[in-house]
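Architecture at a glance
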Amino acid sequence: MSTFPKSALCALALSIAAAPAGAADGPEVGVPARLPGAGPFLFQTAEQSRIKVDIIAGGLVHGYSLAFLPNGDALVVERGARLRMLRNATGPRPTLAPKPIAGIPEYSHTPHLDLSDVLGIQDVALDPDFAVNHLIYLTINRPVGLDAAGGRITAATVLARGRLDGMRLVNLSDLVVGEAKVAVGGSRILPGRHGDLFVSVGALSEGDIQSAQRTDTIYGKVLRVMRDGRIPSDNPFVGVKGARSEIWTFGHRDPLGLAFAPQTGQVIASEHGPQGGDELNILLAGRNYGWPNATYGTQYGGSPLPVAPVPPGTQGPTLIWSPSIAPAGIAFYTGAKLRGWRNNLFIASARRGQINGTGALIRVVFNERLEEVRQEVLLGSLHQRLKDVRQGPDGLLYALTDEPHSVVLRIAPAAR
């Protein structure tokens, strides 16, 4: 494969990465993001036959993340604002608690706040021993100061841990604190299987774009730490001078989904490209995933593809989408109630090809080597931005929308 000269790579980085994820040249276009009624909605699918989709909760604003408690309740993040409790989420009559969980930092009244700043709570995940210790993990974009030159807020992405005491979070403490930067973005948390946590942190959308390629910051990285914040001794950058030892992989743009593949046990990440070139990556310790110097995408507004989207020294994606699907949360289905979908990957998609109102749930079938076999687009006629998808403790699938009037959807087999 031919390679870019260094000067061309730098030019590509500056031109493609200058726009934040989801930005576009010219006016936004699309179809109305209106649900076609109150449901339930019936769909014919390729391998599960018919499914029924119920709206089990509304009254949410810009949903971002779902996390199920062992008792069937669920935590729901309203991005940047609140953490909500959905009582009896897996039962016949889920109820959204009217008040948010107390003790969650909220920064909506921060001075000099810009419309593009993403502050406050991002993701939530339960400790694997939650039933005993009631610990949960959060990622939070915390304001730090003001960039005098640009008049913009600087913020740090923080991984924190606290204890859920009824409807209040107590004993909140920092485990990882990122550098104070302008235009920090999204993040996700995946509890590991060996007492560790994987945390994906989006690249900066303005300014220091090349920081995704450096190991002295957490932005544009996937991190790995122990549940108490300690650094695993086998992390790839432990002992490397000037490097953040929490880093597991680097060169990511906006990795907003993390999951373990049941076929191989590997960590899988979904990732926003720029315009087109959205990716699914198998995360291998110490590897460089290319951003912003390598991508299958183009500039917002259109531009030629790079000559070498995977130059030497870069780990290529296992799957790409072009047109883009704006992927966010992901989940492998391992339950028994949706038998035709076992071990399939589900991806929450916000929109397709830069057209608003075209979000969907994408189903990908893999073989035992994690090679794509086929895909199916589900729930497209609901015209919603999907932000997260999770398997519930009842063996059903749940999806969360990202709209001014967000809803939680339950996906179950339809009665024959």
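Quantities reported herein were computed from a predicted structural model and do not represent experimental measurements.

A look at the overall build of the protein chain
Summing up its helical and strand segments, the protein chain has 2 helices and 27 strands in all. In summary, the protein chain has a C-alpha radius of gyration of 20 Å against a globular reference of 22 Å for 416 residues, a match within 12%. Taken along the three principal axes of its C-alpha coordinates, the protein chain extends 60 × 45 × 45 Å. Per-residue burial over the protein chain gives 57% buried out of 416 residues. Taken as a whole, the protein chain presents about 16600 Å² of accessible surface, with 54% of it coming from carbon and sulfur. Each charge class in the protein chain can be summarised by its mean position, and for the 40 positive and 35 negative side chains these summaries are 5 Å apart.

Focus: the pattern of salt bridges
Counted according to the given criterion, the structure contains 28 salt bridges. With its nearest N and O atoms 3.0 Å apart, the salt bridge here joins E28 to R351. With a gap of 323 residues between them, E28 in the loop between α1 (6-17) and β1 (29-30) and R351 in the loop between β21 (345-349) and β22 (355-356) connect regions that are remote in the sequence. According to the relative accessible area criterion, E28 is partly exposed, its value standing at 46%.

Focus: the side chain of D117
Along the chain, the position of D117 falls in the loop between β7 (95-96) and β8 (120-126). A distance of 2.8 Å separates polar atoms of two side chains, one belonging to D117 and the other to R152. Those residues in contact with D117 that sit more than four places away from it in its chain are H112, R152 and I153.

Focus on the sheet that holds strand β19 (residues 319-321)
Across a sheet, paired strands are connected by hydrogen bonds in the backbone, their directions being either parallel or antiparallel. Spatially, β16-β17-β18-β19 is the arrangement adopted by the 4 strands of the open sheet, whose pairing is antiparallel. The open sheet has two edge strands, β16 (254-260) and β19, and neither has a second partner. Along the sheet, successive strands turn relative to each other by an average axial angle of 15 degrees, direction set aside. Judged from the 4 bridges that link them, strand β17 (residues 267-272) and strand β18 (residues 278-282) form a sheet pairing that is antiparallel. Its bridge partner being in β18, S270 is matched across the sheet by L280.

Re the packing of aromatic side chains
For any two aromatic rings, the description comes down to two numbers: the centre-to-centre distance and the angle of the planes. Scanning the model with the defined rule gives 6 aromatic pairs in all. On the numbers, 5.9 Å between centres and 75 degrees between planes, the contact of F237 with F250 is edge-to-face. In this pair, F237 is assigned in the loop between β14 (221-226) and β15 (247-250) and F250 in strand β15, connecting sequence segments 13 residues apart. The buried category is assigned to F237, whose relative accessible area is 13%. Using a relative accessible area of 11% as the deciding quantity, one classes F250 as buried. Summarising the aromatic geometry, the rings of F332 and F366 are spaced 6.3 Å apart at their centres and angled 40 degrees between planes, so their arrangement reads as tilted. Taken together, the positions of F332 in strand β20 (residues 327-332) and F366 in strand β23 (residues 360-366) put the pair 34 residues apart, joining distant regions of the chain.

Thoughts on the confidence of the model for the protein chain
Residue-level pLDDT values for the protein chain average 92, and 93% of them are 70 or greater. In the predicted structure, residues 1-24 sits below a pLDDT of 50 and forms 49 contacts with residues beyond four places in sequence or in another chain.

Focus: the sheet that holds β20
Reading across the sheet, the 4 strands line up as β20-β21-β23-β24 and stay open at both edges, with antiparallel pairing between neighbours. Bordering the open sheet on either side are β20 and β24 (372-378), each of which pairs with just one other strand. Across the sheet, the mean angle from the axis of one strand to that of its neighbour is 20 degrees, orientation sign disregarded. Taken together, the 4 bridges between β20 and β21 define a ladder with antiparallel strand orientation. Residue pairing in the sheet places F332 in a bridge with L345 of β21.

Some words on the nonpolar core
By size, the foremost hydrophobic cluster in this structure holds 47 residues, and its most contacted members are L75, L83, V124, I136, L138 and L159. At 7 residues, strand β10 (residues 152-165) tops the list of elements feeding residues into this core. The contact partners of V124, leaving out residues within four places of it in the chain, are S65, A67, L75, V77, L83, I136, Y137, L138 and I189.

A look at the environment of Q391
Relative to the helices and strands, Q391 resides in strand β25 (residues 386-391). The exposure class of Q391 is partly exposed, given its relative accessible area of 26%. Each C-alpha atom of the pair Q391 and G335 lies 7.8 Å from the other, and the pair is 56 residues apart in sequence. Beyond its immediate sequence surroundings of up to four residues, Q391 is in contact with F68, A331, F332, Y333, T334, G335, L396 and L397.

Quick notes on the environment of S322
Mapped onto the elements, S322 comes out in the loop between β19 and β20. Each C-alpha atom, one on S322 and one on E403, is 24 Å from the other, the two residues being 81 residues apart in sequence.

Looking at the pairing of strand β2 (residues 41-44)
Residues F41 and F43 line the buried face of β2, whereas the alternating positions L42 and Q44 sit on a face that is not buried. Direction of pairing for β2 relative to strand β3 (residues 50-60): antiparallel, over a ladder of 4 bridges. What sits directly across from F41, in β3, is V53.

Conventions adopted
Residue numbers restart at each chain and count upward from 1, following the sequence in its written direction. Side-chain atom pairs in this predicted model are given and counted only at pLDDT of 80 or more, local residue features only at pLDDT of at least 70, and totals for whole chains, interfaces and linings cover all residues. With hydrogens and water set aside, each side-chain value is computed from the structure's full complement of heavy atoms. The helix count covers DSSP runs of H or I at least four residues long, the strand count covers runs of E at least two residues long, and both are numbered beginning at the N terminus. To get the radius of gyration, use the C-alpha atoms; to get the globule rule, take the number of residues to the power 0.38 and multiply by 2.2 Å. Working definition: with a 1.4 Å probe on protein chains only, accessible area under 20% of the residue-type maximum means buried, over 50% means exposed, and in between means partly exposed. In short, Shrake-Rupley with a 1.4 Å probe defines the accessible areas, and a residue's cover is counted only from the protein chains shown. Positive charges are assigned to Lys and Arg, negative charges to Asp and Glu, while His and the chain termini are left out of the count. In this description, the location of a charge corresponds to atom NZ of lysine, CZ of arginine, CG of aspartate or CD of glutamate. A carboxyl oxygen of Asp or Glu within 4 Å of a side-chain nitrogen of Lys or Arg is what we treat as a salt bridge. Polar contact is defined as a pair of N or O atoms within 3.5 Å, subject to the rule that within protein one atom must be able to donate a hydrogen and the other to accept it, and that residues adjacent in sequence are counted only when both atoms are side-chain atoms. Contact criterion: two residues are considered in contact whenever any of their non-hydrogen atoms come within 4.5 Å of each other. The pairing criterion for strands is at least two bridges between them, as found by DSSP. Inter-axis angles, ranging from 0 to 180 degrees, are taken between N-to-C directions of lines fitted to C-alpha atoms, where helices are fitted over the stretch in contact. Pairing of aromatic side chains requires ring centres within 6.5 Å, counting the rings of Phe and Tyr and the six-membered ring of Trp. Pairs whose planes differ by under 30 degrees are stacked, by over 60 edge-to-face, and all others tilted. pLDDT: the predictor's confidence for each residue, scored from 0 to 100. Note on terminology: a nonpolar core comprises buried Ala, Val, Leu, Ile, Met, Phe, Trp, Tyr and Cys residues joined through side-chain atoms within 4.5 Å.

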